[in-house]
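Topology and contacts: notes
Here are the chains, one letter per residue:
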Amino acid sequence: MEFVELGRTKEKVSRIGLGTWQFSNSWGLTIYDSAKEIISSSIEMGINLINTAMVYGNGMSERFIGRALEELGIERSSIFVVTKIPGQFLSYDDVFKAVDRSLERLRFDYIDALLAHWPPAWHNHPTCEYMKAFERLVELGKVRYLGLSDYPIELAESARYCLSKNDIQILEARYNIVERQAEKEIIPYVESSGLSMLAWSPLAKAAVLAKYSLEEVSNFTDVRKDDAVYYPDNYKQILVLADAIKEVAEKYNKKPSQVALNWLIMYSKNVIPIPGAKNRDQAIENAGSVGWRMDYRYWRKLDEISRSIRLSYVNF
Ligand SMILES: NC(=O)c1ccc[n+]([C@@H]2O[C@H](COP(=O)([O-])OP(=O)(O)OC[C@H]3O[C@@H](n4cnc5c(N)ncnc54)[C@H](OP(=O)(O)O)[C@@H]3O)[C@@H](O)[C@H]2O)c1
């Protein structure tokens with residue numbers, strides 16, 4: 001496994017993490033033993049960075065992680081867990097209550113990194129109110145590092161301004177080889193500020209793997225049924241890129257998932273993908289996306305095809 005410094009923390013985290021939204025009804029993995037297998041095989045492969053959130057499965061993801069780490073006898077200090085509080089729970093008091101509940105579910109004394117999951121768009125909690133609560137939790141030893149997820153740069157700047165003794169270390173954002181909006185502002189920002197960007201949906205929810213036919217995607221019942229990458233006009237274009245990803249994978253005797261993730265880590269040293277897995281094999285494959293690099297020529301070829309894709313999020 002390759003390791004990288006998380007933000008400016010001096011903490012060494014694996015070059016790729018494990019996303020765990022899968023442990024929820026949204027994705028359909030609700031059997032504890034399957035989740036435990038994914039967690040244990042990821043750790044065996046050297047992954048030490050786990051991304052969760054209190055809303056994943058209404059606490060199920062955090063519960064599965066806490067139980068699995070305990071049953072597997074994983075030393076607390078050997079694992080780095082990121083969890084998040086959604087925008088609507090960001091009043092000063094709710095931040096403390098939310099963290100207490102996450103700690104209970106995770107069976108931890110402290111959280112490695114606490115992130116606001118998304119801005120409080122409809123709840124009008126002032127930015128400095130929750131950032132000061134976050135900072136208090138660091139002071140009290142309940143949280144080690146801070147971050148923000150799905151924040152525009154202007155708001156991230158305001159949030160940083162509210163902190164007196166700490167700074168954020170992580171921005172989390174959607175980023176995959178077809179949805180590349182983060183390249184415009186977020187990645188340049190994390191690069192110039194020495195932060196890490198956790199890339200969510202790094203496989204575009206499997207769309208870049210061409211596992212599913214157009215007919216199959218029209219019958220999705222999980223979280224993907226409304227995802228723009230699977231709108232027919234978008235998905236048809238993505239399938240062309242997926243063919244090229246497969247070709248590169250064959251040249252290196254790798255899996256398409258490994259090429260799609262490798263492409264992201266080549267784009268920026270500050271990007272850490274956090275793919276989710278539905279089973280042990282996927283977890284092992286995803287961990288194998290680092291420790292090697294595809295040739296620049298292939299990276300460029302995929303870049304060019306990806307740039308020719310025009311995704312639209314408008315669906316009516
Ligand atoms: N901060 C945020 O707002 C936010 C939002 C979304 C996600 N996230 C985080 O990011 C993580 C990853 O994003 P995501 O779950 O949206 O999507 P993703 O990682 O792009 O795709 C995950 C899905 O792709 C398939 N897959 C994974 N590895 C594979 C492999 N090696 N071979 C074939 N198929 C594979 C699996 O689904 P099937 O097997 O069913 O096809 C899996 O559920 C989440 O778990 C979560 O932690 C954060």
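Cut-off values and rules
- Residues numbered from 1 in each chain as written.
- Predicted model: local features only at pLDDT ≥ 70, side-chain atom pairs only at ≥ 80, totals over all residues.
- Heavy atoms only, no water.
- Near = heavy atom within 4 Å.
- Polar contact = N/O pair within 3.5 Å; in protein donor to acceptor, adjacent residues only side chain to side chain.
- Areas by Shrake-Rupley, 256 points an atom, 1.4 Å probe, with all protein chains shown as cover.
- 1 Å grid on protein atoms, 1.4 Å probe; cavity = no way out; pocket = protein on both sides within 12 Å on 5 of 7 lines; lining within 4 Å.
- Sits in = over half its atoms within 2 Å of the grid points.
- Helix = DSSP H or I, 4+ residues; strand = E, 2+ residues; numbered from the N terminus.
- Nonpolar A, V, L, I, M, F, W, Y, C, P; charged D, E, K, R; others polar.
- Core = buried A, V, L, I, M, F, W, Y, C linked by side-chain atoms within 4.5 Å.
- Buried < 20%, exposed > 50% of the residue type's maximum accessible area, 1.4 Å probe, protein only.
- Contact = heavy atoms within 4.5 Å.
- Pairing = 2+ DSSP bridges.
- Axes fitted to C-alpha atoms, helices over the stretch in contact; angles between N-to-C directions.
- Phe/Tyr/Trp six-rings, centres within 6.5 Å; stacked < 30°, edge-to-face > 60°.
- Lys NZ or Arg CZ within 6 Å of the ring centre and 35° of its normal.
- Expected span 1.5 Å × (residues − 1).
- Disulfide = S-S within 2.5 Å.

1. Section: the site of the ligand
Taken together, 31 residues surround the ligand, and among them Asp150, Ser201, Lys211, Tyr212 and Arg224 come closest. A distance of 3.5 Å separates an oxygen atom of the ligand from a polar atom in the side chain of histidine 117. When isolated, the ligand has an accessible area of 900 Å², and the protein chains bury 94% of it. Comparing atom positions with the cavity grids shows the ligand to sit within the largest pocket. When residues in the shell around the ligand are grouped by element, the largest group, three residues, is from helix 10 (residues 280–287). Here the shell around the ligand is built from residues that sort into 12 nonpolar, 11 polar and eight charged.

2. What about the nonpolar core?
Core analysis: the biggest nonpolar cluster contains 93 residues, and Leu171, Met197 and Leu302 have the highest contact counts within it. When near neighbours in sequence (up to four residues on either side) are disregarded, leucine 171 contacts Leu148, Ile153, Ala156, Ile186, Tyr189, Val190, Leu195, Ser196, Met197 and Leu198. Of all hydrophobic cores here, the second largest spans 14 residues; its members include Val4, Leu6, Ala113 and Ile274.

3. Thoughts on the sheet that holds strand 10 (residues 271–273)
Strands sit in the order 3-4-5-6-7-8-9-10 across an open sheet of eight strands; the sheet is parallel. Each having just a single partner strand, strand 3 (18–19) and strand 10 make up the two edges of the open sheet. Sheet topology places strand 9 (residues 196–200) next to strand 10; three bridges connect them, and they run parallel. Bridging across to strand 10, methionine 197 finds its partner in valine 271. Across the sheet, helix 3 (residues 92–106) touches strand 5 (80–85) and strand 6 (111–116), and the angle it forms with strand 5 is around 140°.

4. Structural notes on the environment of methionine 266
By the element assignment, methionine 266 lies in helix 9 (residues 256–267). When residues no more than four places from it in sequence are discounted, the contact partners of methionine 266 are Arg293, Met294 and Trp299.

5. Observations concerning the packing of aromatic side chains
Following the criterion strictly, the structure yields 16 aromatic pairs and no others. With a centroid separation of 5.5 Å and an interplanar angle of 70°, the aromatic rings of tyrosine 32 and phenylalanine 64 are classed as edge-to-face. Taken together, the residues tyrosine 32 in helix 1 (residues 32–44) and phenylalanine 64 in helix 2 (residues 60–71) connect sequence positions 32 residues apart. The burial state of tyrosine 32 is the same as that of phenylalanine 64; both residues are buried. A cation sits over an aromatic face here: arginine 67 above tyrosine 32, 3.7 Å from the ring centre. Across from the ring centre of tyrosine 298, 5.2 Å away, lies the NZ or CZ of arginine 297, which sits over that ring.

6. Describing helix 2
Along its 12 residues, helix 2 runs 16 Å from first to last C-alpha, staying within 8% of the 16 Å computed at 1.5 Å per residue. Turning to helix 2, its buried residues are Met60, Ser61, Glu62, Phe64, Ile65, Gly66, Ala68 and Leu69. Buried residues belonging to helix 2 abut helix 1, strand 4 (49–51), strand 5 and helix 3. At the exit of helix 2 stands glycine 73, carrying a positive phi of roughly 70°.

7. A word on the state of the cysteines
For the coordinates displayed, the defined rule picks out one disulfide. A sulfur-sulfur distance of 2.0 Å marks the disulfide that ties cysteine 128 to cysteine 162. Disulfide cysteine 128-cysteine 162: torsion about the S-S bond near -80°, hence left-handed. On the criterion of sequence distance, the pair formed by cysteine 128 in helix 4 (residues 127–139) and cysteine 162 in the loop between helix 5 (153–161) and strand 8 (168–174) is long-range, its members being 34 residues apart. Taking the relative accessible area as the measure of exposure, cysteine 162 reaches 4% and is therefore buried.

Remember, this is a structural readout, not a statement about activity or role.
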